[in-house]
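Per-entry structural report
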Amino acid sequence: MRKDIHNSNIPVRCISCDVRHKGVCGALSAEELLTLSAHTRLVNHQAGDELAGEKMPAEFYATVIRGVVKLTKTLEDGRQQIVGLQFAPDLLGRLNADENAVSVEAACDVNLCRIPKAALERLVKSNPALAERLMEQTLRELDEARDWMVTLGRKTAAEKVASFLFLIATHLDPEVVGEKRQFDLPLSRADIADFLGLTVETVSRQMSKLRNDGVISTVGNRQIEVMKLSKLKACCGS
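Along every chain, residues carry numbers that run from 1 in the direction the sequence is written. Owing to the predicted nature of the model, reporting of local features is limited to residues with pLDDT of at least 70; listing and counting of side-chain atom pairs is limited to 80 or more, with chain, interface and lining totals taken over all residues. Calculation of side-chain values draws on the structure's entire complement of heavy atoms; hydrogens and water are dropped beforehand.

**Considering the packing of aromatic side chains**
- Two rings from Phe, Tyr or Trp (for Trp, the six-membered ring) form a pair when their centres are within 6.5 Å of each other. A pair whose planes differ by under 30 degrees is stacked, one over 60 is edge-to-face, and the rest are tilted. Across all of its chains, the model carries two aromatic pairs by this definition.
- Centre to centre, the rings of Trp148 and Phe195 are 4.9 Å apart; their planes meet at 15°, and the pair counts as stacked. Placement of the pair is Trp148 in helix α4 (residues 128-154) and Phe195 in helix α6 (residues 189-196), with a sequence separation of 47 residues.
- For Phe195, a relative accessible area of 4% puts it in the buried group. Comment: elements are numbered from the N terminus, with helices defined as DSSP H or I runs of at least four residues and strands as E runs of at least two. Here's how the labels work: a residue is buried when its accessible area is under 20% of the maximum for its type, exposed when over 50%, partly exposed in between, all with a 1.4 Å probe on protein chains only.

**Some points on the pattern of salt bridges**
- The rule for a salt bridge is simple: a side-chain nitrogen of Lys or Arg has to be within 4 Å of a carboxyl oxygen of Asp or Glu. Per the stated rule, a full pass over the model turns up ten salt bridges.
- In this structure, the salt-bridge partner of Lys70 is Glu105, at a minimum N-O distance of 3.4 Å. Separated by 35 residues along the polypeptide, Lys70 in strand β4 (residues 68-74) and Glu105 in strand β7 (residues 103-106) bring together distant segments of the chain.
- The exposure class assigned to Lys70 is buried, which follows from its relative accessible area of 7%.

**Some words on the nonpolar core**
- In plain words, nonpolar cores are sets of buried Ala, Val, Leu, Ile, Met, Phe, Trp, Tyr and Cys residues tied together by side-chain atoms within 4.5 Å. Judged by nonpolar contacts, the single largest core of 50 residues is most densely connected at Val69, Leu85, Leu112, Phe164 and Leu165.
- Top contributing element to this core by residue count: helix α5 (residues 157-171), with seven residues.
- Contact between two residues is taken to exist if any of their heavy atoms lie within 4.5 Å; hydrogens are not considered. Apart from the residues lying within four places of it in its own chain, the contact partners of Leu85 are Val68, Val69, Lys70, Phe164, Leu167, Ile168, Leu187 and Phe195.
- Within the second largest apolar cluster, 16 residues are counted, among which are Val24, Ala27, Tyr61 and Leu91.

**Quick notes on α5**
- Expected span of a helix, by definition, is 1.5 Å for each gap between consecutive residues, and there is one gap fewer than residues. The terminal C-alpha atoms of α5, which comprises 15 residues, lie 21 Å apart, in line with the 21 Å expected from a rise of 1.5 Å per residue.
- Of the positions making up α5, those classed as buried are Lys160, Val161, Ala162, Ser163, Phe164, Leu165, Leu167, Ile168 and Ala169.

**Some thoughts on the pairing of β4**
- Of all seven residues in β4, five are buried, a share of seventy percent or more.
- Two strands pair under a simple rule: DSSP has to find at least two bridges between them. Two strands pair when backbone bridges link them, and β4 and strand β5 (residues 80-87) are joined in this way by seven bridges, in the antiparallel orientation. Looking at β5, one finds that Val69 is bridged to Gln86.
- Turn length for the β4-β5 hairpin, with the two strands adjacent in sequence and antiparallel, is five residues, and the turn residue Gly78 shows positive phi of about 95°.

**What about the confidence of the model for the protein chain?**
- The predicted model of the protein chain has a mean per-residue pLDDT of 90, with 97% of residues at 70 or higher.
- Known as pLDDT, the predictor's confidence for each residue is given on a scale from 0 to 100. Here residues 1-7 is a poorly scored stretch, pLDDT under 50, and it has six contacts once near neighbours within four places are set aside; other chains count.

**Topic: the sheet that holds strand β9 (residues 181-184)**
- In spatial order, the strands read β9-β11-β10; together these three strands make up an open sheet with antiparallel pairing. What marks the edges here is a single partner per strand, and that holds for β9 and β10 (216-219). On average, each strand axis in the sheet is inclined to that of its neighbour by 20°, with strand direction left out of account.
- Where β9 meets strand β11 (residues 223-226), four bridges bridge the pair, whose relative direction is antiparallel. Residue pairing for β11: Asp184 is matched across the bridge by Gln223.
- Relative to β9, α5 is tilted by about 100°, and along the sheet it contacts β9 and β10. Note on method: axes are straight lines fitted to C-alpha atoms, helices fitted across the in-contact stretch only, with angles between N-to-C directions ranging 0 to 180 degrees.

**Let's talk about the side chain of Ser103**
- Its place among the elements puts Ser103 in strand β7.
- Taking the relative accessible area as the measure of exposure, Ser103 reaches 11% and is therefore buried.
- In contact with Ser103, not counting residues within four places along its chain, are Glu50, Ala52, Gly53, Glu54, Lys70, Leu71 and Thr72.

Quick look at the structure:
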């Protein structure tokens, strides 16, 4: 018999999830999804909401369903540095950690599927496929962090801004394909400057140059249209 939304063992919220197959839940069986869904909760956060505090007890994990999450580290004198961005279908939280290593903040409006810490860790112990998927995400984040070190340490200001726009264009919506991309910037110019180690004026100047060169078009301060993704990639210096 054909199974659909009315007779499938998979919970309704999971069937309608845009990122289930690409996220950690893609490694779970229908029975495991049903068990986990009894503990999960869909939550929405507005831009600027703090989701987890640095050095605070780690109480939950969360899959990013939509939006961008900003990771920051704070020095003793209060200075902050953005150290990473996470997109759908990334899992927020470090497995088996007792406290948060970074502060986690909604860079824009975000939708999350929150999972209690104990519930996910129990599943990881009994499901090798889930453990492998989490390891794959961890290694991918490590590779991306190393690539970003090159961006920050060796690239020019123009290449940094192009690399940032390429990152957003290719990660903000995992379902979009093709050369043309359109999106709203999830970070303010000040946050972009902080993330890239540049001044706000330099970021604005390089955005204008990309627009004048026909690589991007802009509407207001936030909306970006990339006419040809390969042309933007060529500006990244990779």
